[in-house]
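Now for the letters of each chain:
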Amino acid sequence: LQFIMKSIKYSNTMLLLATLIVSCVPQRKYLETKQKADDCEALSTLLKKQHAADTIKIKELKTSVGTLSKEIKRLARDTSILSTNLRRLTSQYDKLNDLNNELLRKQNMRSAMDAEEIRGLLADLQKTKDHLLAKEDSLRALAKRLEAQRRSLEDLQTDLQQKDAELTAKNKRLIELEAKLN
């Protein structure tokens, strides 16, 4: 682009110099050449403005590319870190899930064993309760028999005391009678 600009300046300069040297050129030829020189100058100015605008755009794009490149590197690094963390957390989750499943299995087994043991203990308890109720019934019956025997014994003691008193009275009477007889 600079080469084109230099060549346009050089052409304009040469054209102007040639015009001065050859002043005997017809008016029409002179005006055509001057028109061409003006057109070239306008084109040169336009190209210079466009070149300046393009240079600014290039700088902006380079800055943008640099920023985007840094952002891409940062995102790649973050993605790598997050990916590593995700794999680690997934692995830990899988281990925890396996451990939880094992604990649930053991708990279910223990619950089944505990339920079986509880059923056995309840059956033993019921047998013991039935046995104790039977013992209680037999003790009540025994208590009734003992009460009846106690009453009977009291009656017998009362009878015995009466008979003993009668016997004592009869003995006294017998002793008195014997004493009268002797």
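Above this text sits the structure in question.
Just so it is clear, the model here is predicted, and its values are computed rather than measured.

(A) Just the overall build of the protein chain, in detail. Along its length, the protein chain carries two helices and zero strands. With 182 residues in all, the protein chain has 3% of them scored as buried. A total of about 16,600 Å² of accessible surface is found on the protein chain, and carbon and sulfur atoms cover 62% of it.

(B) Spotlight on the pattern of salt bridges. Taken as a whole, this structure holds nine salt bridges when the rule is applied. Where E116 meets R119, a salt bridge forms, and the shortest distance between an N and an O atom there is 3.0 Å. Of this pair, E116 and R119 both sit in helix α2 (residues 27–181), separated by three residues, roughly a single helical turn. Residue classification places E116 among the exposed positions, given a relative accessible area of 51%.

(C) Spotlight on a nonpolar patch on the surface. A surface patch of nonpolar side chains, amounting to about 310 Å² of accessible area, comprises L96, L99 and L103. Mapped onto the elements, L103 comes out in helix α2.

Conventions and cut-offs
- Residues numbered from 1 in each chain as written.
- Predicted model: local features only at pLDDT ≥ 70, side-chain atom pairs only at ≥ 80, totals over all residues.
- Heavy atoms only, no water.
- Helix = DSSP H or I, 4+ residues; strand = E, 2+ residues; numbered from the N terminus.
- Buried < 20%, exposed > 50% of the residue type's maximum accessible area, 1.4 Å probe, protein only.
- Areas by Shrake-Rupley, 256 points an atom, 1.4 Å probe, with all protein chains shown as cover.
- Salt bridge = Lys/Arg side-chain N within 4 Å of Asp/Glu carboxyl O.
- Patch = residues over 30% accessible without salt bridge, like charges linked within 9 Å, V, L, I, M, F, W, Y side chains within 5 Å.

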